[in-house]
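Chain and residue survey
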Amino acid sequence: MRIIFMGTPDFAVASLEALIQSGEQVVAVVTVPDKPAGRGQKIHESAVKIFAKQHHIPVLQPVKLREESFLNELRSYQADLQVVVAFRMLPEVVWNMPKFGTINVHASLLPQYRGAAPINHAIINGEKESGVTTFLLQHEIDTGNILLSKKVTIKDTDNAGDLHDKLMVAGAETLLQTIHQLKAGTLQPQPQQVVVTEGPLKHAPKIFKEDCKINWDQPTETVYNFIRGLSPYPAAFTLLNEKVLKIYDAKKETVHTGTMPGTIATDKKSFLKIATQDGYLIISDLQLEGKKRMNVVEFLKGYRF
């Protein structure tokens, strides 16, 4: 089976690597164009492109997915199947091109958490379980017929980075199982509307900077989930003397404080905690605007309240 792989970040690399190691014929990779990033604005290549080059796989980097030159090049590879992992929305002329269609690997148990940020939103909402789903692309985003899914447990201490790594591995494994069953003719695609879910559908829209500000008026558990759901990226933040203070890790302390939410308590040496509606968040890993990320002891050594 001739496969074209489409993806961008590290999350996608695991699936591409699994395809190659299993002996599947990946004839080309489609990823985003190179762009300047970081200090000095050096040209940055996507993780998928870097991996593909290492394995001598042709790389396509279209600016627009409807460009005739790109579509002609895509057709020239005569792919039987396309695989999409953490890429972008495809037009029908692209996803409907191969004989077996286009499979997407999504980092949630569909139909729950459709959208761009399923990993973050699952933890923010305090879920105890997530997973990955392979499905066939169709017109509406993340709504295609489900092929396979695999559940993953979320521990109370997991942050978005931890869940990302678990789902990255689960996604690669589930993709291989999907392709194996597809070739064997044993897959039975299932419409998402017939999948039984507990409660209403939850969505996972893209997260912007303004969405990351902490509301200390909420319960301790809610704020705790919010912090770990945005860690390590894009990171939850609060303001400290009008400067952005990103918080990457904290512990819960549920006690009656009688203190206004958002109030800081510290001995200026070893601990820093911030009041919530019904307790404190004890901060352990943070970054003040203009400074490097550090643990709380390092921070308190250099900060003057």
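Remember, it's a predicted structure, so these values are computed and weren't measured experimentally.

With respect to the packing of helix α1 (residues 10-21) against helix α2 (residues 47-54)
As a packed pair, α1 and α2 sit with axes 8 Å apart at the nearest point and diverge in direction by 25°. Looking at the two axes, α1 sits roughly parallel to α2. Note that α1 runs across α2; the crossing there is right-handed. Contacts between α1 and α2 pair Asp-10, Ala-12, Val-13, Leu-16, Glu-17 and Ile-20 from the former with Ala-47, Val-48 and Phe-51 from the latter.

Thoughts on the packing of aromatic side chains
Applying the stated criterion across every chain, the model contains 2 aromatic pairs. Centroid distance Phe-299 to Tyr-303: 5.1 Å. Interplanar angle 15°. Geometry classified as stacked. The buried category is assigned to Phe-299, whose relative accessible area is 5%. Note on Tyr-303: relative accessible area 14%, which makes it buried. Between Tyr-303 and Phe-305, the ring centres sit 4.8 Å apart and the planes meet at 80°, which makes this aromatic pair edge-to-face. Cluster of aromatic residues (ring-pair linked, three or more members): Phe-299, Tyr-303 and Phe-305. Note that Lys-273 overlies the ring of Tyr-280, its terminal NZ or CZ placed 4.5 Å from the centroid. One Lys or Arg, Arg-293, reaches over the ring of Tyr-248 and ends 3.9 Å from the middle of that ring.

Notes on unusual backbone geometry
Omega for the peptide link from Leu-110 to Pro-111 comes to 10°, which places this bond in the cis form. Relative to the helices and strands, Pro-111 resides in the loop between β7 (102-106) and α5 (118-124). Of note, the amide linkage connecting Ser-231 to Pro-232 takes the cis form, showing an omega dihedral of 10°. The phi dihedral of Gln-78 falls on the positive side, at around 50°, and the residue is not glycine. One can find Gln-78 in the loop between α3 (68-76) and β6 (81-85). Residue Gln-78 is classed as exposed on the basis of its relative accessible area, which comes to 59%. If you check the backbone angles, Asp-142 has positive phi at about 60° while not being a glycine. Its location among the elements puts Asp-142 in the loop between β8 (129-136) and β9 (146-153).

Section: the nonpolar core
In this structure, Phe-5, Val-29, Val-83, Leu-163 and Leu-167 are the most contacted members of the largest nonpolar core, which totals 41 residues. Core analysis: the next-biggest nonpolar cluster, separate from the first, contains 29 residues, Ile-207, Leu-240, Val-244 and Ile-274 among them.

Describing the pairing of strand β2 (residues 25-30)
With 5 of 6 residues buried, β2 lies mostly within the body of the structure. Relative to β2, strand β1 (residues 2-7) runs parallel, the two being bridged by 5 bridges. Along β2, the bridge assignment pairs Arg-2 with Gln-25. The β-α-β motif built from β1, the intervening α1 and the parallel element β2 has right-handed crossover chirality.

Remarks on the layout of surface pockets
Looking at the largest pocket, its volume works out to about 1400 Å³. In this structure, the largest pocket is lined by 39 residues; those nearest its centre are Pro-9, Ala-86, Ala-116, Ala-117 and Pro-118. For the lining of the largest pocket, the secondary structure elements donating two or more residues are α1, β6, β7, α5 and α6 (160-184). Among the residues making up the lining of the largest pocket, the classes are represented as 24 nonpolar, 9 polar and 6 charged. Considered as a void within the structure, the second largest pocket measures approximately 520 Å³ in volume. Lining of the second largest pocket is provided by 21 residues; of these, Leu-109, Gln-112, Glu-129, Val-196 and Thr-197 occupy positions nearest its centre. Those elements giving two or more residues to the lining of the second largest pocket turn out to be β8 and β9.

Some details on the pattern of salt bridges
Enumeration over the complete set of coordinates arrives at 12 salt bridges. Across the pair Glu-45 and Lys-53 runs a salt bridge whose closest N-O atoms are separated by 3.0 Å. For Glu-45, a relative accessible area of 23% puts it in the partly exposed group. Given the relative accessible area of 42%, Lys-53 is considered partly exposed. As a salt-bridge pair, Asp-156 and Lys-252 come within 3.3 Å of each other at their nearest N and O atoms. Residue Asp-156 is located in the loop between β9 and α6, and its partner Lys-252 is located in strand β11 (residues 243-253); the two are separated by 96 residues in the primary sequence. Take Asp-156: its relative accessible area is 30%, and that puts it in the partly exposed class. One salt-bridge network, held together by shared partners, links Asp-34, Glu-45, Lys-49 and Lys-53.

Basis of the calculations
- Residues numbered from 1 in each chain as written.
- Predicted model: local features only at pLDDT ≥ 70, side-chain atom pairs only at ≥ 80, totals over all residues.
- Heavy atoms only, no water.
- Axes fitted to C-alpha atoms, helices over the stretch in contact; angles between N-to-C directions.
- Helix = DSSP H or I, 4+ residues; strand = E, 2+ residues; numbered from the N terminus.
- Parallel < 35°, antiparallel > 145°, perpendicular 65-115°, else oblique.
- Left-handed = near helix turned anticlockwise from the far one by under 90°.
- Contact = heavy atoms within 4.5 Å.
- Phe/Tyr/Trp six-rings, centres within 6.5 Å; stacked < 30°, edge-to-face > 60°.
- Buried < 20%, exposed > 50% of the residue type's maximum accessible area, 1.4 Å probe, protein only.
- Lys NZ or Arg CZ within 6 Å of the ring centre and 35° of its normal.
- Core = buried A, V, L, I, M, F, W, Y, C linked by side-chain atoms within 4.5 Å.
- Pairing = 2+ DSSP bridges.
- Right-handed = clockwise from strand over helix to strand, strands pointing away.
- 1 Å grid on protein atoms, 1.4 Å probe; cavity = no way out; pocket = protein on both sides within 12 Å on 5 of 7 lines; lining within 4 Å.
- Points joined across faces, edges and corners; volume = space filled by probe spheres on them.
- Nonpolar A, V, L, I, M, F, W, Y, C, P; charged D, E, K, R; others polar.
- Salt bridge = Lys/Arg side-chain N within 4 Å of Asp/Glu carboxyl O.

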